[in-house]
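# Secondary and tertiary structure notes
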Amino acid sequence: MRLSRAYIPTLKEVPNDAVVASHILMLRAAMIRPVGAGIYSVLPLGYRVMKKVTEIIREEMDAIGGQEFHLPALNPKEIWEETGRVEAFGDILFQIKNRDYVLAPTHEEIMTYHARRTVQSYKDMPQIWYQIQTKFRNEPRPKSGVLRGRQFLMKDSYSFDSSPEGLDASYELHDKAYRRIFERCGLKFFIVGASSGAMGGSGSEEFMVASEAGEDTVAHCEKCGYAANVEVAASNVTTLPRYEEEKACYDISTPGVKSIDELCEFLKINETECAKSRVYITEKGPVLVLMQGNDEVNETKLEKAVGVAVRPGHPDELKEITGADAGSIGPVGFKGRIIADNLLLDRNMLFSGANKNDYHTGGIDLKRDVNDIEYADLRIVESGESCTKCGAPLGVFKAIELGHIFKLGTKYSESMKALFLDEHGAEKPIIMGSYGIGVERVMACYIEQNHDENGIIWNKLLAPYQIHLIGLNMKKPHLAEAALKLYDQMKRLGFDVLFDDREDAQAGFKFKDADLLGMPVQIIVGEKKLAVGQVEVKIRKTGERMDAELVNLDKEFLNKLLEKADE
RNA sequence: CGGAACGUAGCGCAGCCCGGUAGCGCACUACCUUGGGGUGGUAGGGGUCGCGGGUUCAAAUCCCGCCGUUCCGACCA
C-alpha cells in the first residue's frame, strides 16, 4: 500500500479522552476511531490486525475440530426468556424497541437452540461450534478504549458432549488451543484456574494479561504458575505466638488517635500488636471484623465466611452499634457477631478500640476476653508474600481478562430442553462447555505489552504490514524510481509492504510515522546510500540499523530480517 | 447508578472569574524554500463557542435544564 493513497490518518498529538497506552496508540496509529462511548469504527489499518488475530484463532479452532458458524446478532427475546437471562443480564442486555428482539451479548441460547433441534443422540457428539462475531452489551461504563466497549468482537465456542468425560476432553482441547492462540499472538499471559474462579460451574480458567489497564487484581506466582483473583487468593503468612506475659484489659486515653498508624506511633507499639476493627452490616445484623494491624478486609472472603452479603457500616450506624466512632471500635464488650482474621487466632496482649471515643484497650486476650469469636481467612494478599504452593514470592497486580473457558454443564440444555438419548435409550441433557476470547482485547493487550515512547512495536504475525518502506525525498526522480522498484519487487516476493511515497513529507516526519505505526522492519531509501547501491534497514523493536545491498534484498534476506525483528 | 471534570475549527488548547460580535499551536489549501529524526517563509480557507431556555441594550462568558465525553467508585454473564 502506498501511504500517499492510504487512509491512515495518524495523530501527532495525544487525544484528550484516551488514558491507557493501547487506547492512545490505537487512536494515534489510525487503527480505530470513536463513534460513541464504547463504540469504535475499526479503520483499515486496525482491521488488518483484527483479521490476522481472527485468522490465528480460526486456525487453532479448526485444528481442534471446531466448526465455524455465522449467527444472527438479533435474537428472539423468547429464547432468552427460556434461560432466564433477560432478567440475569438486566440492563446489560440491549433490547430492540420495535420488535421483541434482543442484541445478543453472547450466544449460548442460539447455539443451544440449534443443538436441541438436531443433536439427538450420543452418536451426534462431541461437537465444537464457534463463531467470531460482534457482541453487544450495554456496559454501564465503557472504558479504556477497546478494552471495555458496548460492541466488540468475540470468538465464542460451545462444546456439546454426552458425558462428563467428553466435556473434560472438549475443555482440554480448548485449553490447549487457547494457549497456542495467545502464544502465536505474542502475548505474555497467565492462567487463573478453576478453584479461584467466581463463575461457579465445575471448572473454569481465565486467560489473563498483566496490565495497569486491567480491571481485575490478581496474585500470581511466577515460579509455579499459581494465579488467583485477589478476592480469593491465599498466601503463606504465619500467625504470631501468644505472649508469655498476661495482663488484664486496661483502657488507655488516646485523644485524637484514629488510625492504626497513629495508634502505633502514640503507644510506640508494632502494627502486628493491633487488632483493627471494621463493622459490616448484614441482613442478619452487624458483624465486627478484626484484622491484624493494617491488613485490609477482603469483602469477598468475608461474605463467604459469614454466609450473607455484607456492606461497610455508615458512620452513624457505627456509633449506634458500638457507642464509638470508627477509630475507637474494638471487640471487648461488643455485642454481636465477631469474626477475626486467622492471623489473630488465639492471640493475646493486643491493642484495639475501647468502644468509647478517644480510648483504646490494651492487654486484650481474644481467647479470654471475647466470647464466641470466629476465625477465618479474611486478608487481601499482598505482593511479596509467599506462594502457598511453592513458597516463592507472589506478585499482586492488575490484569486484563483475554479469554475464559469453562464447563457449563447442563444449565442451558436443561432450561432449553436440549436433550439426547444415551446408549441405554435414556433421555439426558447435553453437557456443554463455553469458551470466549475478546478479539479487540487481544489487540489492545498486545499493544499494552509491545510499545515504547514512539509507538507500537508489531511482531511479524500481527503487523498490519510486515515491511515499512520509506522513500526519502521522493521529489528526486532517481530515488523515487528506485524506491518504487523495490516496493514492487518486495510485493512480488509476497511481502506486505507499506510504502511511504509521500512527496511532501520530510524525512523526520516519515520516521516518526513509521515508528508510531510500528511495522517490524523499516527499509529506508535515501540518496547517499542509494548512490552506492545500498538502503538502510531498521529493526523497529531494537532500533538497530544496518546497511544492506539493494541486490541482496531477496526473499531469504527479508525473511531473515523479519525473524530477527521478532526476537 | 453515586462522586468529579470537561464540551470553543479536524486534533491539542487559551478566552469565561471581571458580559461588548472568537484566538493560539498543529493539521488543511496555494506558492516558494528545505530534504536522514516533526524544515523555514508568505498568503489563505475553516467555528450555529454541545443543545434548549432565561437574565441583559448586549452572552462563549452569568443563571436553569438537558445531552455528550472522560476519570474515580459501584457493576462486570
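Residues numbered from 1 in each chain as written. Chains lettered and ligands numbered in written order. Predicted model: local features only at pLDDT ≥ 70, side-chain atom pairs only at ≥ 80, totals over all residues. Heavy atoms only, no water.

## Here we look at the protein's contact with RNA strand B
Around RNA strand B lies a shell of 38 residues, among which K12, N16, R137, R148 and R545 are the nearest. The sugar-phosphate share of atoms of RNA strand B within 4 Å of the protein amounts to 39%. The side chain of R141 places a nitrogen or oxygen atom 2.3 Å from a phosphate oxygen of RNA strand B. The contact in question runs from a base oxygen of RNA strand B to an N or O atom on the side chain of K475, over 3.1 Å. Of all the secondary structure elements, the ones that give two or more residues to the surface near RNA strand B are α14 (507–517) and β30 (534–539). Here the element with the most residues in the surface near RNA strand B is α14; it accounts for six residues. For the surface near RNA strand B, the class distribution of residues is 12 nonpolar, eight polar and 18 charged. (Near = heavy atom within 4 Å. Polar contact = N/O pair within 3.5 Å; in protein donor to acceptor, adjacent residues only side chain to side chain. Helix = DSSP H or I, 4+ residues; strand = E, 2+ residues; numbered from the N terminus. Nonpolar A, V, L, I, M, F, W, Y, C, P; charged D, E, K, R; others polar.)

## A look at the domain arrangement of chain A
Under the domain assignment used here, chain A contains domain 1 (21–187 + 411–447), domain 2 (250–376) and domain 3 (465–566). Using C-alpha coordinates to define each centre, domain 1 is positioned 40 Å away from domain 3. Counting residues at the interface gives six residues for domain 1 and five residues for domain 3. Summing both sides of the interface, domain 1 and domain 3 together bury roughly 520 Å²; the carbon and sulfur share of this comes to 63%. Applying the counting rule to domain 1 against domain 3 returns two salt bridges. A salt bridge links D496 to K52; the shortest N-O distance between them is 3.6 Å. A breakdown of the residues in the side of domain 1 that touches domain 3 according to their chemical character gives three nonpolar, no polar and three charged. (Domains from an automatic or database assignment. Contact = heavy atoms within 4.5 Å. Buried area = accessible area lost by both parts, 1.4 Å probe. Salt bridge = Lys/Arg side-chain N within 4 Å of Asp/Glu carboxyl O.)

## Things to note about the sheet that holds strand β16 (residues 311–312)
Here we have five strands laid out as an open sheet, ordered β16-β14-β15-β17-β20, and mixed in their pairing. Two strands lie at the open edges of the sheet, namely β16 and β20 (374–376), each paired on one side alone. Bridging between strand β15 (residues 285–292) and strand β17 (residues 337–341) involves four bridges; their strand directions are parallel. Bridge pairing in β17 links V287 to R337. On the sheet, helix α8 (residues 299–306) packs against β14 (275–282), β15, β16, β17 and β20 and is oriented at approximately 130 degrees with respect to β17. (Pairing = 2+ DSSP bridges. Axes fitted to C-alpha atoms, helices over the stretch in contact; angles between N-to-C directions.)

## A few points about the sheet that holds strand β13 (residues 250–253)
Here three strands make up an open sheet; going across it, the order is β13-β19-β18 and the pairing antiparallel. Of all the strands in the sheet, the pair left with one neighbour each is β13 and β18 (350–353). Recorded for the sheet is a direction-independent mean angle of 30 degrees between the axes of neighbouring strands. Pairing geometry for β18 and strand β19 (residues 359–364), over three bridges, is antiparallel. Bridged to L350 within β19 is I364.

## A few points about the environment of M432
Its location among the elements puts M432 in strand β24 (residues 431–438). On the basis of relative accessible area, M432 is assigned to the buried category, the value being 0%. Those residues in contact with M432, other than ones at most four positions away along the chain, are T112, S159, F160, L167, K407, L408, G409, Y412 and S413. (Buried < 20%, exposed > 50% of the residue type's maximum accessible area, 1.4 Å probe, protein only.)

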